[in-house]
Amino acid sequence: MAYVVTDACTKCMSCPPVCPVSCIHPAEGEEGLDAVSHVNINPDECIDCGACAGICPVEAIFPESDLPDEQRKFAAENAAYFKS
Ligand code: SF4
Ligand code: SF4
């Protein structure tokens, strides 16, 4: 499983620095931030620590298993970001 960022994200950039495995991108200073509507979590690297969800000011991050039905698509969308 992994945590997933949804479109509630405001790109405040608080979460990338707290991730112990640096799997949230684009992070500050990386290319592509303007092109995305939210940051993304790499599901192959996330270790489910929950640190990102705990710090998000807008509650945009969920464990994949807790995603509301209407936001399930963001699991695939987060994963797809890392395939491109
Ligand atoms: S749950 Fe932990 S490992 Fe996964 S993206 Fe969030 S901070 Fe990183
Ligand atoms: S902390 Fe929340 S709003 Fe800020 S970049 Fe991360 S997911 Fe987006």
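So, how was this worked out
Residues numbered from 1 in each chain as written. Chains lettered and ligands numbered in written order. Predicted model: local features only at pLDDT ≥ 70, side-chain atom pairs only at ≥ 80, totals over all residues. Near = placed C-beta within 6 Å. Nonpolar A, V, L, I, M, F, W, Y, C, P; charged D, E, K, R; others polar. Buried ≥ 20, exposed ≤ 12 C-beta atoms within 10 Å, placed from the backbone. Helix = DSSP H or I, 4+ residues; strand = E, 2+ residues; numbered from the N terminus. Arc of directions from axis to C-beta. Contact = placed C-beta atoms within 7 Å.

## Examining the site of ligand 2
Phase 1 of the analysis: Lining the immediate surroundings of ligand 2 are 15 residues, of which Cys-9, Cys-12, Ser-14, Cys-15 and Cys-56 lie closest.
Phase 2 of the analysis: In terms of residue class, the shell around ligand 2 is made up of 11 nonpolar, three polar and one charged.

## Quick look at the site of ligand 1
Phase 1 of the analysis: Taken together, 15 residues surround ligand 1, and among them Cys-19, Cys-46, Cys-49, Ala-51 and Cys-52 come closest.
Phase 2 of the analysis: Class assignment for the residues of the shell around ligand 1 results in 13 nonpolar, one polar and one charged.

## Some words on helix α2 (residues 73-81)
Phase 1 of the analysis: Taken as a whole, α2 has its buried residues at Phe-74, Ala-75 and Asn-78. Projected onto a plane normal to the axis of α2, the buried residues spread over an arc of 110° and lie on a single side. Opposite the packed face of α2, turned more than 90 degrees from it, sit the exposed residues Ala-76 and Ala-80.
Phase 2 of the analysis: The inward-facing, buried residues of α2 contact β1 (3-5) and β3 (40-41).

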